[in-house]
Amino acid sequence: ELKEKGLFRIKHLAESHSEVLLCRLRDVCLAVTSEVTNLRSKVSCSAIVTLGELFATLKKDMDSQVDEVARVLLQMVWNSPEFLQKAAGQTLGIMVENVTPARAMTALMDSGVK
């Protein structure tokens, strides 16, 4: 429950005070990405949705995080319950729409090949 609240607060910060997250974006993304593989599916789903919100809100500022996030989300698409696959697919779509196209394509191709 605490992790879900924390993820909600990160989404809220991204929407209302994105400048606060930008100075620690790498750390924030690592923390959220690590929760994507949480054994509690509710936490995992919240983390996936939070990543989507970060991409939608911070857009090209998230370019530097694309490689790691794409790798983790693609793993979820391949190896998780259907509802998590769907959430991960949606977040990948949000990522592709909001970052530099070349970064998205390179990350997806590199992660997909591995």
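This structure is a prediction, so every number in the text was calculated from the model and none was measured.

This next bit is on the environment of Gln65. One can find Gln65 in the loop between helix H4 (41-58) and helix H5 (66-78). Counting along the chain gives 10 residues from Gln65 to Phe55, while the straight-line C-alpha distance between them is 9.6 Å. Once residues lying within four places of it in the same chain are set aside, the contact partners of Gln65 are Leu25, Arg26 and Cys29. Separated by 3.4 Å, the side chains of Gln65 and Arg26 make a polar contact.

Before going further, it helps to examine the UniProt feature "domain: CLASP N-terminal" (unreviewed entry) in the protein. Per the UniProt annotation, the sites labelled "domain: CLASP N-terminal" (unreviewed entry) are residues 14-105. Helix makes up 79% of residues 14-105 and strand 0%, with an end-to-end C-alpha separation of 24 Å.

This paragraph deals with the pattern of salt bridges. Summed over all chains, the structure comprises 5 salt bridges. The shortest N-O distance in the salt bridge between Asp67 and Arg103 comes to 3.3 Å. One end of the pair, Asp67, is in helix H5; the other, Arg103, is in helix H7 (residues 101-113), with 36 residues separating them in the sequence. According to the relative accessible area criterion, Asp67 is partly exposed, its value standing at 36%.

Moving on, we get to the side chain of Thr50. On the secondary structure map, Thr50 appears in helix H4. Setting aside its immediate chain neighbours within four residues, Thr50 contacts Leu7, Ile10, Lys11 and Val32.

Quick look at the environment of Leu21 now. As for its placement among the helices and strands, Leu21 is situated in helix H2 (residues 18-22). Looking at Leu21, the relative accessible area reads 5%, which means it is buried. In this structure, the C-alpha to C-alpha distance between Leu21 and Gly52, residues 31 residues apart in sequence, is 15 Å. Apart from residues lying up to four places away in sequence, Leu21 is in contact with Ile10, Leu13, Ala14, Val28 and Leu54.

Criteria and thresholds
- Residues numbered from 1 in each chain as written.
- Predicted model: local features only at pLDDT ≥ 70, side-chain atom pairs only at ≥ 80, totals over all residues.
- Heavy atoms only, no water.
- Helix = DSSP H or I, 4+ residues; strand = E, 2+ residues; numbered from the N terminus.
- Contact = heavy atoms within 4.5 Å.
- Polar contact = N/O pair within 3.5 Å; in protein donor to acceptor, adjacent residues only side chain to side chain.
- UniProt positions renumbered as here; feature names shortened; annotations may be inferred.
- Salt bridge = Lys/Arg side-chain N within 4 Å of Asp/Glu carboxyl O.
- Buried < 20%, exposed > 50% of the residue type's maximum accessible area, 1.4 Å probe, protein only.

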